[in-house]
Amino acid sequence: MTIAVGDKLPDVTIKTNGAKGPEDLSTGDFFKGRKVVLFAVPGAFTPGCSNTHMPGFVVNADEILEKADAIGCMAVNDAFVMGAWQENQNAEKITMLADGNAEFTKALGLELDASGAGLGIRSKRFALIANDGVVEYLGVDAKGVEESSAETVLKHL
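Residues numbered from 1 in each chain as written. Predicted model: local features only at pLDDT ≥ 70, side-chain atom pairs only at ≥ 80, totals over all residues. Heavy atoms only, no water.

Help me understand the overall build of the protein in this model?
Assigned secondary structure in the protein consists of six helices and nine strands. The C-alpha radius of gyration computed for the protein amounts to 14 Å, which stays within 12% of the reference 15 Å derived for 157 residues, consistent with globular compactness. Here the C-alpha coordinates of the protein stretch approximately 35 × 35 × 30 Å along the principal axes. Here the protein holds 157 residues, and the buried ones make up 49% of them. A sequence separation of at least 24 residues applies to 62% of the contacts in the protein between residues at least 6 apart. Accessible surface computed for the protein: about 7600 Å², of which carbon and sulfur atoms make up 48%. (Helix = DSSP H or I, 4+ residues; strand = E, 2+ residues; numbered from the N terminus. Rg over C-alpha atoms; globule rule 2.2 N^0.38 Å. Buried < 20%, exposed > 50% of the residue type's maximum accessible area, 1.4 Å probe, protein only. Contact = heavy atoms within 4.5 Å. Areas by Shrake-Rupley, 256 points an atom, 1.4 Å probe, with all protein chains shown as cover.)

Please explain the packing of aromatic side chains as it appears in this structure.
Aromatic ring pairs: the centre-centre distance and the angle between the two ring planes describe each pair. Counting across every chain of the model gives four aromatic pairs. Their ring planes at 90 degrees and their centres at 5.2 Å tell us that Phe30 and Phe31 sit as a pair that is edge-to-face. Side by side, Phe30 and Phe31 carry an identical accessibility label, which is buried. Through a chain of ring-to-ring contacts, the aromatic side chains of Phe30, Phe31 and Phe104 assemble into a single cluster. When the ring centre of Phe30 is taken as origin, the NZ or CZ atom of Arg34, which lies over that ring, is 4.7 Å away. (Phe/Tyr/Trp six-rings, centres within 6.5 Å; stacked < 30°, edge-to-face > 60°. Lys NZ or Arg CZ within 6 Å of the ring centre and 35° of its normal.)

Is there a simple way to explain the environment of Ala142 in this structure?
Within the secondary structure, Ala142 sits in the loop between β9 (134-141) and α6 (150-156). You can call Ala142 exposed: its relative accessible area is 83%. Taking the C-alpha atoms as reference, Ala142 lies 16 Å from Thr46; in sequence the two are 96 residues apart.

Whenever I open this one, the side chain of Arg125 confuses me. Can you help?
Here Arg125 is to be found in strand β8 (residues 125-131). Look at Arg125: it is buried, it has no salt bridge, and the nearest opposite charge is Asp141 at 5.5 Å. Of the polar contacts made by the side chain of Arg125, one reaches the side chain of His53; its length is 3.0 Å. Residues within four places of Arg125 in sequence aside, it is in contact with Ala40, Val41, Pro42, Gly48, Cys49, His53, Gly139, Val140, Asp141, Gly144, Val145 and Ser148. (Lys, Arg positive; Asp, Glu negative; His and termini not counted. Salt bridge = Lys/Arg side-chain N within 4 Å of Asp/Glu carboxyl O. Polar contact = N/O pair within 3.5 Å; in protein donor to acceptor, adjacent residues only side chain to side chain.)

I'm lost on the nonpolar core in this one. Help?
One broad rule of soluble globular proteins: the nonpolar side chains tend to lie buried together. If you look at the biggest cluster of nonpolar residues, it comprises 26 residues, and the most contacted ones within it are Phe39, Phe57, Trp85 and Ile94. Beyond its immediate sequence surroundings of up to four residues, Ile94 is in contact with Phe39, Met54, Phe57, Val58, Ile71, Gly72, Cys73 and Gln86. One finds Phe30, Val36, Ala70 and Leu108 within the second-largest nonpolar core, a separate group that totals 20 residues. (Core = buried A, V, L, I, M, F, W, Y, C linked by side-chain atoms within 4.5 Å.)

Hey, could you run me through the pattern of salt bridges in this one?
Summed over all chains, the structure comprises three salt bridges. A salt bridge links Asp62 to Lys93, with the shortest nitrogen-to-oxygen separation between them at 2.3 Å. In this pair, Asp62 sits in helix α3 (residues 61-67) while Lys93 sits in the loop between α4 (79-88) and β5 (95-98), placing the two residues 31 residues apart along the sequence.

What is the right way to read α4 from this model?
Residue pairs three or four apart in sequence face the same way in an α-helix, which turns once every 3.6 residues. Those residues of α4 that fall on the buried side of the exposure criterion are Ala79, Met82, Gly83 and Trp85. Viewed along the axis of α4, the buried residues span an arc of 165 degrees, placing them on a single side of the element. Residues of α4 that are exposed and point more than 90 degrees away from the buried face comprise Phe80 and Glu87. Of the surrounding elements, those touching the buried residues of α4 are β1 (13-18), β2 (21-26), α2 (47-59), β4 (70-75) and β5. Sitting at the amino-terminal end of α4 is Asp78, which places a side-chain oxygen 2.9 Å from the backbone nitrogen of Phe80. Among the residues trailing α4, Asn90 stands out with phi positive, at a value near 55 degrees. (Arc of directions from axis to C-beta.)

Set out below in structure tokens:
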């Protein structure tokens, strides 16, 4: 079942890059007590994610952060890949979230089976706004980035 507006986000341990490398991060702690924009991509360094989706959040980060406390970018990749992608995209204002085993993605009901293309389980392309861990907006894209773009998120903040 897919998470919906009004639902509380599940608490799952994922990874982020810390000063000494990958660190555990509780999603419950990450979202607790603040307004967070989270966008998810099928894969770091993929053409649509690198050329279209991420750049909108990089360019609009300051405006988003005027209305939200944090921006997170999640993919079913490891923390090393997410850290390298953050550097490649000049996305220092965005917290990179590595859901390497797709546990958070599955708990949200937003997994994408890309096995046919040899990519395994990935995340659907989506964005959400959560206030103290409760979903206020959820936009999921089957194609393109209309529902999950930075511009669309800004309209909902």
